[in-house]
Amino acid sequence: MALTKLNGLILKKMMIAGANRLNENKHIVDALNVFPVPDGDTGTNMSLTALAAAKEGEKVNSLSVSEVAKAISNGALRGARGNSGVITSQILRGFAKGLQGLEEANTKEIAQALQQAVKTAYKAVMKPKEGTILTVAKACAESALKAAETTEDIDVFLQKIIEDGNAMLLQTTEMLAVLKQAGVVDAGGKGLLYLLEGALQSRNSIDVIKIEEDVQTPHENFLASVENTSITFGYCTEFFILLKNAEEKIVQNLKTYLATIGDSIVCVSDDDLIKIHVHTDHPGLALEKALTLGELSGLKIDNMRQQHTNRIDFTNSQKQYTEQTEQKTQEIKEIGFVAISSGDGLAEIFQNLGADEVIQGGQTMNPSTEDILNAIEKVNAKAVFVLPNNKNIILAGEQAAKLTENKKVLVIPSKTIPQGITAMLNITEKQPEQIKQDMMESMKNVVSANVTYAVRETVFDGKNIKQGDIIGMQEDTISVISENPEECAQELLNKIVTEYAEVISIYYGADVTQQQAEKVKMYAENHFPDCDVELQRGGQPLYYYIIAAE
């Protein structure tokens, strides 16, 4: 019997199945990253956003399609991560608006809701680009309008939408030069279609669909039971290697290697993946080894020493806690700051510059809107500045600002760590809006670059890039390919330092020794004698060096 009405129960089942379908295939979406660097996280961000939406929808015991859609929207808004996740949340928000007040929805009403979804998503992006998830969403909405005129069967209706969406997805390669050059379709559009495919597939299942979650290896008890000084290796590193039917010899060799760089090792294989957990001072080495076997997913790197210190701080007596809370309540500041950064060294730099809260995140670890909201709430100030320090976190910051009710939130659109640091150095004793203007003006003088490695083989800008090559990124361009991080950093300096530069800042990562970094500093001092050269430990994973000239 054909389904002609969508109610809350069916929508809930579709959302859960869609989120699971996207979660199962997020590594495919991640791999569509234009640049072959270890921060292709579109699929991961969309998956986490969709799972957050599905969880909220699951909580609603109602047959009203409007009530379930609203819960899904709320979950997505707070759980949104990265630009792709925020846009996904806006699509779901608009869809919920379009279904508002309905107990059930037919194909024509669903088609109208999809029109509202696209309209809301386009409005959320300051400069919408065609050839992205927005284009695929628009094609799906237009297809829905046409299909609704010819069928009342929701399954047939969805099938047609997915077919037309896939046809548009293939066209995205020709619509954006960067996609054509990399030879890929748009990652966000692919993720959206996985979501819709899962929704359709749920119609063929009579079983109750459960929300799937990534298995995480807990290390909370470990942190609580040791002294900070006794933590031998500082970074708890977890991830999956996507490898089907891994041979026992491969797993054993991987365990042996991990034992040379760390301890607390868990290395287990399943039919489709290998789960890794290791405590190490060099997460990048573990990742590089893993990339020789397959693609990575579910990356999580935590600084255990910093977490342990924070854990001790929060186990003070109730009396101390109460006194601190009362003191904070009395001392409401005019302005406060939230910064996002990865690496304990960078976190300390932001704290020293006046950041009240530092969220650990960045490439491959985009914080959710709710993470940013929680940090804003902790800052005891009338106005709170948020520095995303990553172009993929700006939209989540802006979404958090809109959801904050009890204080003024100003998002500084810092795209890089150096921009954020420069902005913090230019805080003035003025009104919040003027401070924002001064900070944004100061960022214009910063040129940022970084050194990382290639996660796959590709051809980009006429350059043949092999997996494992050291890559120098200048803003959004691959400008250097090298075999050595230090040589790569030196070549980058030659490209970004102009006759007008006065200061060169070098932040070295978790996998770089101070001795190696000193070579880069010495090179900068010798070749650019008119510049002040500053070298600081950033401790960031995956990126050997972050460099700024201003």
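Everything discussed here concerns the structure shown above.
This is a predicted model, so every value here is computed, not measured.

When helices and strands are tallied, the chain shows 22 helices and 16 strands. The buried share of the chain, taken over its 550 residues, is 54%. Summing over all exposed atoms, the chain offers an accessible surface of approximately 25400 Å²; the carbon and sulfur share of this is 49%.

Evaluated as defined, the whole model comprises 15 salt bridges. Where lysine 160 meets aspartate 164, a salt bridge forms, and the shortest distance between an N and an O atom there is 3.4 Å. A residue pair is termed a helical-turn pair when its members lie 3 or 4 positions apart in one helix, as lysine 160 and aspartate 164 do in helix 8 (residues 154-175) at four residues. Across the pair arginine 537 and aspartate 344 runs a salt bridge whose closest N-O atoms are separated by 3.1 Å.

Counting 146 residues, the largest nonpolar core has Ile274, Ile276, Leu493, Val497, Ile504 and Tyr545 as the members making the most contacts within it. Among the elements that make up this core, the one with the highest residue count is helix 7 (residues 133-148) (nine residues). Here isoleucine 274 is in contact with Phe239, Phe240, Ile241, Leu243, Ala246, Val251, Leu254, Cys267, Val268 and Ser269, once residues within four sequence places are set aside. Ranked by size, the runner-up nonpolar core spans 22 residues in total, among them Leu346, Phe350, Ala383 and Ile435.

Applying the stated criterion across every chain yields a total of two cavities of 30 Å³ or more. Roughly 480 Å³ of internal volume is contained in the largest cavity. If you go around the largest cavity, you meet 27 residues; those closest to its centre are Leu92, Phe95, Leu114, Leu196 and Ala199. Those elements that provide at least two residues to the lining of the largest cavity are helix 1 (8-24), helix 4 (65-79), helix 5 (82-98), helix 6 (107-124), helix 7, helix 8 and helix 10 (187-201). With five residues, helix 5 is the single largest residue contributor to the lining of the largest cavity. Considering only residue class, the lining of the largest cavity consists of 25 nonpolar, two polar and no charged. Roughly 50 Å³ of volume is contained in the second largest cavity. Lining the second largest cavity we find Gly284, Glu288, Tyr453, Gly509, Ala510, Asp511, Val512, Gln540, Pro541, Leu542, Tyr543 and Tyr544. Residue composition of the lining of the second largest cavity, grouped by class: seven nonpolar, three polar and two charged.

Turning our eyes to something else, we now look at the packing of helix 4 against helix 5. A pair of packed helices can be characterised by two numbers: the angle between their axes and the separation between those axes. Remark: helix 4 packs on helix 5, axes separated minimally by 8 Å, with the N-to-C direction vectors making an angle of 155°. As summarised for this structure, helix 4 and helix 5 are arranged roughly antiparallel, according to the angle between their axes. The handedness of the crossing between helix 4 and helix 5 comes out as left-handed. The residues of helix 5 that touch helix 4, namely those facing Ala69, Lys70, Ile72, Ser73, Ala76 and Leu77, are Ser89, Gln90, Leu92, Arg93 and Ala96. Class assignment for the residues of the contact of helix 4 with helix 5 results in six nonpolar, three polar and two charged.

What follows deals with a positive patch on the surface. Taken together, the side chains of Lys97, Lys119, Lys123 and Lys402 define a basic patch exposed on the protein surface. Inspection of the secondary structure puts lysine 119 in helix 6. Accessibility expressed as a relative area gives 52% for lysine 119, which makes it exposed.

Once that is clear, we can look at the sheet that holds strand 6 (residues 357-360). Reading across the sheet, the four strands line up as 6-5-7-8 and stay open at both edges, with parallel pairing between neighbours. Among the strands making up the open sheet, the edge pair consists of strand 6 and strand 8 (408-411). Pairs of neighbouring strands in the sheet enclose a mean axial angle of 20°, with direction left out of account. With six bridges joining them, strand 5 (residues 333-341) and strand 7 (residues 381-387) adopt parallel strand pairing. What sits directly across from alanine 339, in strand 7, is leucine 387.

Moving on, we come to the packing of aromatic side chains. One pass over the full model with this rule turns up two aromatic pairs. Geometrically, the ring pair formed by phenylalanine 337 and phenylalanine 385 is stacked, given 5.2 Å between the ring centres and 20° between the ring planes. Placement of phenylalanine 337 in strand 5 and of phenylalanine 385 in strand 7 is noted, with a sequence separation of 48 residues between them.

Time to look at the sheet that holds strand 3 (residues 273-280). Ordered by their spatial adjacency, four strands build an open sheet running 2-3-1-4, and the pairing between neighbours is antiparallel. Each edge of the open sheet carries a strand with a single partner, namely strand 2 (262-269) and strand 4 (295-303). Taken over all neighbouring pairs, the strand axes of this sheet differ in orientation by 10° on average, direction set aside. Alignment of strand 1 (residues 235-242) against strand 4, held across seven bridges, turns out to be antiparallel. Paired with leucine 242 across the bridge in strand 4 is glutamate 295.

Next up on the list: the environment of threonine 428. Note that threonine 428 resides in the loop between helix 19 (417-425) and helix 20 (432-443). For threonine 428, a relative accessible area of 23% gives the class partly exposed. Linking threonine 428 and aspartate 438, residues ten residues apart in sequence, is a C-alpha distance of 7.7 Å. Look past the residues within four positions of threonine 428 in its chain and what remains in contact with it is Ile435 and Asp438.

The next subject is helix 20. Over its twelve residues, helix 20 extends 17 Å from the first C-alpha to the last, a length consistent with the 16 Å expected when each residue adds 1.5 Å. Where the residues of helix 20 are buried, they touch strand 5, strand 7, strand 8 and helix 19.

Conventions we followed
Residues numbered from 1 in each chain as written. Predicted model: local features only at pLDDT ≥ 70, side-chain atom pairs only at ≥ 80, totals over all residues. Heavy atoms only, no water. Helix = DSSP H or I, 4+ residues; strand = E, 2+ residues; numbered from the N terminus. Buried < 20%, exposed > 50% of the residue type's maximum accessible area, 1.4 Å probe, protein only. Areas by Shrake-Rupley, 256 points an atom, 1.4 Å probe, with all protein chains shown as cover. Salt bridge = Lys/Arg side-chain N within 4 Å of Asp/Glu carboxyl O. Core = buried A, V, L, I, M, F, W, Y, C linked by side-chain atoms within 4.5 Å. Contact = heavy atoms within 4.5 Å. 1 Å grid on protein atoms, 1.4 Å probe; cavity = no way out; pocket = protein on both sides within 12 Å on 5 of 7 lines; lining within 4 Å. Points joined across faces, edges and corners; volume = space filled by probe spheres on them. Nonpolar A, V, L, I, M, F, W, Y, C, P; charged D, E, K, R; others polar. Axes fitted to C-alpha atoms, helices over the stretch in contact; angles between N-to-C directions. Parallel < 35°, antiparallel > 145°, perpendicular 65-115°, else oblique. Left-handed = near helix turned anticlockwise from the far one by under 90°. Patch = residues over 30% accessible without salt bridge, like charges linked within 9 Å, V, L, I, M, F, W, Y side chains within 5 Å. Lys, Arg positive; Asp, Glu negative; His and termini not counted. Charge placed at Lys NZ, Arg CZ, Asp CG, Glu CD. Pairing = 2+ DSSP bridges. Phe/Tyr/Trp six-rings, centres within 6.5 Å; stacked < 30°, edge-to-face > 60°. Expected span 1.5 Å × (residues − 1).

Just geometry here; none of it tells us what the structure is for.
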